[in-house]
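Coordinate analysis (summary)
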Number of protein chains: 2
Amino acid sequence: MTVERSAPPTISEVAAEAGVGRATAARTLGGYGYVSPELRSRVLAAAERLGYRANALARSMSTGVSHTLGVIVADIGNPFFAGVVRGISDASRARGFDTIVLSTHESLDEEIAAMHVLIDKQVDGIVVASAALGPKTSAHIAEAWSRGIPVVLVDRAVPGLELDAVVIDNREAAREAVTALIAAGHRRVGFVWGPPIAGRPDRRRDLVDAAARNLWTDGERLRGYLDALDDAGLPFDADLVMVGEKTEERAIAEVERMLGLDDRVTALFCTETDAVTGALRAIRATGFRVPADVSLIGFDDSSWAAVMEPPLTMIEQPMLALGTRAAEVLLALIDGAPRSQPDGAFRHTLDTRLVERSSVAPPSA
Amino acid sequence: MTVERSAPPTISEVAAEAGVGRATAARTLGGYGYVSPELRSRVLAAAERLGYRANALARSMSTGVSHTLGVIVADIGNPFFAGVVRGISDASRARGFDTIVLSTHESLDEEIAAMHVLIDKQVDGIVVASAALGPKTSAHIAEAWSRGIPVVLVDRAVPGLELDAVVIDNREAAREAVTALIAAGHRRVGFVWGPPIAGRPDRRRDLVDAAARNLWTDGERLRGYLDALDDAGLPFDADLVMVGEKTEERAIAEVERMLGLDDRVTALFCTETDAVTGALRAIRATGFRVPADVSLIGFDDSSWAAVMEPPLTMIEQPMLALGTRAAEVLLALIDGAPRSQPDGAFRHTLDTRLVERSSVAPPSA
DNA sequence: CTGTTAGCGCTTTCAA
DNA sequence: TTGAAAGCGCTAACAG
């Protein structure tokens, strides 16, 4: 008892039905070339009658353009990336492009595989939040380019890769946040969600090196933290930075540790949502209070942060704008705009905003 | 100073390079048919040398399958849908399918357009969280089916449409939550995020009718609320349900109103994240406290809810599972599994969980 | 302005 | 086993 269905009508059938040549049907239905009003309406009527719909694949086959963009992110389920993808999606849809989105689960191998999928599917361009750390790990990106597929980076720049990248100034945003903490009087501010390394580095330099070997955004945020310390002439203390796996559990453990130090932390800078919630749990578990006992600023504002008790001071990232901008840059490239200059990559830096609420107060005496 | 790039190598070029017929190259590269080890390795070597990559479009053209799934949701930027999409994406990727995702911004017209885009792009199947209210507004879904493209619904069933639908039991989940509130002693519980209608309906029946003319999930949740009231023998009071636009602002206004009633609300059931944050803001603005003055339960648990002060009791939806399950059902359909039975649609109902935390307490005397 | 013809790159009979 | 040739549905020259 299956539904009866014949093969979808092709343009030839429409032409036959309308009693015109195939090209004429193609011209009116494809919206190109000249067709007399007379034939035009006959074709349209025939198409209507048959329920004709163009086969986009066949069209792409002969034109060489798919009107499809590829998007590669670590995790489409993450609200941040979801927002970015929404931006890309809206901006490209407005220009007639659809998007294929692939999640890499933060794995470089999956990112490479994703890139191949997109190349094979003949997308017209790709925007990627890459896990690549430098030119040596980004051959797949260069490969897309060499095959004529423009690529723009979003959220994460790749040091040494001369490509358009739509990002925020993570370093400056972090510095601003930590500076605010210091300005409130804090001298012991913890950094939550550090580089995922096993041991605790003794020297500041080792930490920076480790960060450079990991996610670009994380490294930049760490540098911004260090910058703020330097600006204020505060000493660096390895005990105040979280190391190890980037999980909420680990954040809880690390923050509890920092809170248990003889010269305990009085303020926390959290670089991601899970770091914030982890820190909050740790603070609560140890009986401290925000902001009376410990101040806190986190990355990635959300509607929840505003209804917390107390409302949280957060760094707001322009998620949608990152996406729309990336799509615009990519679309321009597809239209033939010149790519990055030989003397350095184009960096499109979008503004962040420190949304001041009530989680920052002077340290208790 | 542009990068030199020749047209990507085709299978013919690989064949020539390997000194074999085109079909032989196609057979080894396509992984089908028989090829002698001898020629096989020669082809592979040639492909490697030329940097050959299959053109998936051309392949789809001749095989008729695109190994691509279409996904239509209201807003990919919404964490809930992002989670669902992540589930779909992971499950389908594991089976070699990629996904094109389209956001409709909750507009039926955009949904119809999206459906056409996917049909034109020859996707092998579609999963949609539809805004359609019934058979009359879901012609586009039937159209996809009639063209041989399987469709499965996710999150939102469409009454009267006999299609596989992967959903949760919204009515039961709502009833459970409201029952918990009533069990705590509340007799005046408000319903936040009601049907988007202009005026306040006098009669309960008008409200239910209005709900039926709107989003399926919303209607079900309202029915569950009503069920709980009935179970407990509590009277329905139109003043306790929010009506109007579904925005956080409106929720704030409505909750403030309910809190200002002579016989004010002492508990709130919020059907969505923004309803929860709106309610929280209103409660705070009016000087009340959770749960001392007003209890609250909301839909869509998140990591934030657990770190609120107090931690919020919430209904947890299996976002990822909704997605993976929908993908599995769709993939099975693509594989030729029989679709819904003539005597009713297949409903795949996933469990929700009421995560009890501390936002529910007996009403204050 | 319209129709004919030749591809786009791949798969798939069909002979050899 | 392998190769030649046809065809998927559409666009794009090129005549007419």
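The model shown is predicted, which means the values in this text are computed figures rather than measured ones.

Definitions and limits used
- Residues numbered from 1 in each chain as written.
- Chains lettered and ligands numbered in written order.
- Predicted model: local features only at pLDDT ≥ 70, side-chain atom pairs only at ≥ 80, totals over all residues.
- Heavy atoms only, no water.
- Near = heavy atom within 4 Å.
- Polar contact = N/O pair within 3.5 Å; in protein donor to acceptor, adjacent residues only side chain to side chain.
- Helix = DSSP H or I, 4+ residues; strand = E, 2+ residues; numbered from the N terminus.
- Nonpolar A, V, L, I, M, F, W, Y, C, P; charged D, E, K, R; others polar.
- Salt bridge = Lys/Arg side-chain N within 4 Å of Asp/Glu carboxyl O.
- Buried < 20%, exposed > 50% of the residue type's maximum accessible area, 1.4 Å probe, protein only.
- Least-squares fit on C-alpha atoms with pLDDT ≥ 70 in both.
- Contact = heavy atoms within 4.5 Å.

This brings us to the protein's contact with DNA strand D. Every one of the 26 residues lining DNA strand D counts as a neighbour, but I11(A), Y52(A), R59(A), T24(B) and S36(B) are closest to it. Within 4 Å of the protein, the contacting atoms of DNA strand D are drawn from sugar and phosphate to the extent of 65%. Here a base nitrogen of DNA strand D sits 3.0 Å away from a polar atom, N or O, in the side chain of R22(A). When residues of the surface near DNA strand D are traced back to their parent elements, those giving at least two are α2 (22-30) and α4 (56-63) of chain A together with α2 (22-30) and α4 (56-63) of chain B. For the surface near DNA strand D, the leading source of residues is α4(A), giving 5 residues. A class-by-class count of the residues in the surface near DNA strand D yields 14 nonpolar, 8 polar and 4 charged.

Residue and element names in this part refer to chain A. Counted according to the given criterion, the structure contains 56 salt bridges over all chains. A salt bridge links R353 to E316; the shortest N-O distance between them is 3.2 Å. Of this pair, R353 sits in strand β11 (residues 353-355) while E316 sits in strand β9 (residues 313-316); the two residues are 37 residues apart in sequence, bridging distant segments of the chain. R353 sits in the partly exposed class, given a relative accessible area of 46%. Residues joined by salt bridges that share partners form a network here, namely R200, R250, E254 and R257.

Attention shifts here to the relation of the copies chain B and chain A. Overlaying chain B with chain A gives an RMSD of 0.1 Å, the required rotation being 180° about an axis along which the chain moves by 0.0 Å. Both copies of the chain, as the preceding transformation shows, are related through a two-fold rotation axis. Among all residues of chain B, the one whose C-alpha sits closest to the rotation axis is I100(B), at a distance of 2.2 Å. Mapped onto chain A, 100% of the interface residues of chain B are again interface residues, and the two copies thus contact each other with one and the same surface.

Let's shift gears to the protein's contact with DNA strand C. As a matter of local geometry, DNA strand C sits amid 26 residues, with T24(A), S36(A), I11(B), Y52(B) and R59(B) nearest to it. Here the atoms of DNA strand C within 4 Å of the protein split so that 63% fall in sugar or phosphate, with bases taking the remainder. Interatomic distance of 2.4 Å between a side-chain N/O atom of T24(A) and a phosphate oxygen of DNA strand C. Within the side chain of R27(A), an N or O atom sits 2.7 Å from a base nitrogen of DNA strand C. Elements with a contribution of two residues or more to the surface near DNA strand C: α2 and α4 of chain A together with α2 and α4 of chain B. Element by element, the count of residues in the surface near DNA strand C is highest for α4(B), at 5 residues.

Residue and element names in this part refer to chain B. The residue H186 is located in the loop between α8 (170-183) and β6 (189-192) in this model. Exposure remark for H186: the relative accessible area of 1% places this residue in the buried category. A polar atom in the side chain of H186 sits 2.7 Å from the backbone oxygen of A361. Setting aside residues no more than four positions away along its own chain, H186 makes contact with L181, L234, T266, A267, S295, A361, P362 and P363.

Bringing the interface of chain B and chain A into the picture now. Taken residue by residue, the interface counts 61 residues in chain B and 61 residues in chain A. Summed over the shared surface of chain B and chain A, the result is 8 salt bridges. Between D98(B) and K121(A) there is a salt bridge, with the nearest N and O atoms lying 2.4 Å from each other. Viewed at the interface, chain A and chain B are joined by 24 residue pairs in polar contact (both at pLDDT 80 or more). Of all the elements in the fold, those that place two or more residues in the side of chain B that touches chain A are α4, α5 (79-93), β2 (98-103), α6 (108-120), α7 (139-146), α12 (273-285) and α13 (303-307) of chain B. Per-element accounting of the side of chain B that touches chain A gives the leading share, 8 residues, to α5(B). Classifying every residue of the side of chain B that touches chain A gives 26 nonpolar, 19 polar and 16 charged.

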